[in-house]
Amino acid sequence: MNKNEYKKAVEKLNLWAKHYYVLDDPITTDEVYDELYHEVVSYEEQNSKDILNDSPTQRVGDMISDGFTKEKHLSRMWSLEDIFDSDGLMKWLEKTYKLDKNISFYCEPKYDGASLDLLYENGELVKGITRGDGNIGELITQNVKTIKSIPLTIEHKDTIEIRGEVVIFKDEFEKINELRLQNNEALFANPRNAAAGSLRQLDSSITAARNLVFLPYGIGINSLPQKLLHDKMNYIYELGFRQPPERAVCKNIDEIESIYKQMVHDRDSYSMMLDGMVIKVDEISSQIDMAYTVKVPRWAVAYKFPAVEKITTVKNIVLQVGRTGAVTPVAIVEPTDIDGVVVERATLHNFDEIDRKDIRLRDKVIILRSGDVIPKIIKVLTHERTGKEKVYERPTKCPVCESELLDEGVLLKCQNLECEARVVNSIIYFASKPCLNIDGLGNKIVEQLFTSGFVKSVVDLFELDLEKLLTLDGFKEKKAQNLLDALDNARGSEYWRFINALGIEHIGEVASKTLADNFGFSFINATKEEIIACDGIGEEMADSVLEFVRVNALTIAKLQEILQPQEPPKKEEAKENPFKGKTAVLTGTMSQSRGVIKEMLESLGAKVSGSVSKKTDFLIYGEDAGSKYDKAVKLGVQTLTENEMRELLA
Ligand code: IVH
């Protein structure tokens, strides 16, 4: 890097940082940022006289934006030095052991969210402050008070700053984006942006609706007596804060590497996104001795995980036709290794999303892969366009059967019931885990069975035999017999699986269970009123069931004869009692577990619901009843103690 390149790099880093911290809209990945940042650091190490004042290395932390009152932290919020591999770890440990030989290390996840400082005085939460530049942040107490995992009062009366990360769980993030997709709003790039953006809303009710979660990772000003960090943290958890999903005190490099490997292995299964593991010296006295450089503590380091966001190029956009005929666009991208998996496709959700993000062929984009969900494009790097990018034209014909598509605005639909894609996908769905769970009916095989002409519908599956299968490419005796056995095993399955496998629009696993439990085999004769009366089933779902049954009565009967599913035991009609047909909510501690009491009420013909609403008939409460009791009183719902409930039944 020469001086000119150095200047350009600083400019670039500052632009990236502004998009990241101020606009909550990153335009590159952490990985690319870190790489350039480290180049800048090594240039500055060799050319200290050239260091620019606005170099990001001269800055303590995040930027502060307008909109909220500024507030000084009682003690500074530090950031962490990053290491990326075993070599980095070894060097960091060497450095650290030189300062003190007799130390152990507290290892916990590095959460990917937004940092937050909580100030408690006299046991009360008095301030919530964003990290800001580490010294001064933004006062967002109102918003912070909406986060349910942050206790408003604690059993600790001395002044204490509790620090942690605010995150959005991965499933919640998917839900928020699903809703935004339905409402035609721009999607959040990733859970971290969603958390940071939600935290800094001027309207607290928006923050409240986002289900943010606070995970403590440290303490600022405090008078805690514990001599070890992990004891201090245990004390914090006891005050009512959430614990990390995994943590360990390690004595040496092998133990550190081993818990690191464990966390990398487990990261997909955690509710929250992690971007590394933080290693901290456990002995507080050693921490004090080691102290800080200008930027970071010497007693802690972030051991980063492999990145889950990468930059790649859109090579093509292809269309997938699902079993309902819905056409979904999928981006084919330059193959990219993300955390050990080569990603070649990314979902584009729907056609509006392509327009909104203005995704063009040959665009450079950031893709995110996390957990089991399909990788997605979270950002188009429009500032990197060369003019060669091509706008994608919305299709008018089904890419599989070429029939005219129905354009419903956001959704495009193939209406041809015999379209190969629709048939093949319904068969795959029929055989999938939450349906009849038939092994060996993956994409390739089903396509092969379809094109051979042996299987044109699910019913045909059960007419397969050895003779037919052995004519197919790649089928030897064993594979053919396995498939036949798997098909045979589908007989006698639970009835809800049977209903789910039919693939009725809007009817998923939960609704299938409800229908099976309420109607058994006679669900095909249920009326609209009866169906709507079921918990969790609305009008649109009921209409969908009725229409499906009307059109497919013969197929359903035939499948039922072939598959002989088990009918769930009929619920016996409960005798007359004050709870029959009523809705009850349980709260507080009772003489028996609430599950036992719930079962008893259900056997009396009552519905037991989790939350109080105008529709609730009874709130039955035990000791330490909380907000549900208050809400019931407010709504004028009849409240009963557990004893009063039992007296009514006696
Ligand atoms: S400790 C003095 N522990 O990472 C130590 N930070 O890169 C300061 N973070 O600003 C931080 N999980 O927002 C620490 N378990 C963890 C963390 C964590 C996430 C964030 C935090 C901090 C940033 C530093």
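Position labels on residues start from 1 in each chain and follow its written sequence. Selection of residues for local features in this predicted model requires a pLDDT of at least 70, selection of side-chain atom pairs for listing and counting requires 80 or more, and totals for whole chains, interfaces and linings are taken over all residues. Hydrogens and water are ignored here; the side-chain numbers use all heavy atoms of the structure.

### Thoughts on the pattern of salt bridges
Side chains bearing opposite charge may pair, as long as their charged atoms lie close to each other. Salt bridges are counted wherever a side-chain nitrogen of Lys or Arg sits within 4 Å of a carboxyl oxygen of Asp or Glu. Counted by the stated rule, this structure contains 35 salt bridges. Here Lys95 makes a salt bridge to Glu81, at a shortest N to O gap of 3.6 Å. Placement of Lys95 in helix α3 (residues 86-99) and of Glu81 in the loop between β1 (70-72) and β2 (82-83) is noted, with a sequence separation of 14 residues between them. Salt-bridge contacts for Glu539 lead to Lys528; the nearest nitrogen and oxygen are separated by 3.1 Å. With a gap of 11 residues between them, Glu539 in helix α20 (residues 539-563) and Lys528 in helix α19 (residues 528-532) connect regions that are remote in the sequence. One network of salt bridges, with partners in common, ties together Asp358, Arg360, Asp363 and Arg385. Secondary structure elements are taken from DSSP: a helix is a run of H or I of four residues or more, a strand is a run of E of two residues or more, and numbering for both begins at the N terminus.

### Considering the confidence of the model for the protein
On average, the protein scores 92 in pLDDT, and the residues at 70 or more come to 98%. Note that pLDDT drops below 50 for residues 60-65; the model gives that stretch 26 contacts with residues more than four away or on any other chain. The quantity called pLDDT is the predictor's confidence in a given residue, expressed from 0 to 100. By definition in these notes, contact holds between two residues if any of their heavy atoms fall within 4.5 Å.

### Let's talk about the site of the ligand
We call a residue near a molecule or strand as soon as one heavy atom of that residue lies within 4 Å of the molecule or strand. Of all residues adjacent to the ligand, which total 15 residues, the nearest are Glu108, Pro109, Ser115, Glu165 and Lys280. Between N or O atoms, a polar contact is any pair within 3.5 Å; within protein, one atom must be a potential hydrogen donor and the other a potential acceptor, and residues adjacent in sequence are included only when both atoms are from side chains. Within the side chain of Glu108, a nitrogen or oxygen atom sits 2.9 Å from a nitrogen atom of the ligand. The separation between an oxygen atom of the ligand and a polar side-chain atom of Ser115 is 3.2 Å. The Shrake-Rupley method, run with a 1.4 Å probe sphere, supplies the accessible areas, and residue values consider only the shown protein chains as cover. Relative to its unbound accessible area of 520 Å², the ligand is 89% covered by the protein chains. Listed by contribution, the elements that provide at least two residues to the shell around the ligand are β3 (105-111) and β10 (274-281). The element best represented in the shell around the ligand is β3, accounting for 4 residues. The class makeup of the residues in the shell around the ligand is 8 nonpolar, 2 polar and 5 charged. Under the grouping applied here, Gly and all other residues not named as nonpolar or charged are polar, the nonpolar ones being Ala, Val, Leu, Ile, Met, Phe, Trp, Tyr, Cys and Pro and the charged ones Asp, Glu, Lys and Arg.

### What to know about helix α16 (residues 477-489)
The terminal C-alpha atoms of α16, which comprises 13 residues, lie 18 Å apart, in line with the 18 Å expected from a rise of 1.5 Å per residue. Those residues of α16 that sit buried are Ala480, Leu483, Leu484, Ala486 and Leu487. The buried side chains of α16 occupy one side of the element, clustering within an arc of 160° when seen end-on. Residues of α16 that are exposed and point more than 90 degrees away from the buried face comprise Glu477, Lys478 and Asn489. The secondary structure elements touched by the buried residues of α16 are α14 (458-461) and α15 (466-470). Expected span, for any helix, means 1.5 Å times one less than how many residues it has. A simple rule labels every residue: compare its accessible area, found with a 1.4 Å probe on the protein chains alone, to the largest value its type can have, and call it buried under 20%, exposed over 50%, or partly exposed in between. This arc is taken over the directions from the axis of the helix to the C-beta atoms.

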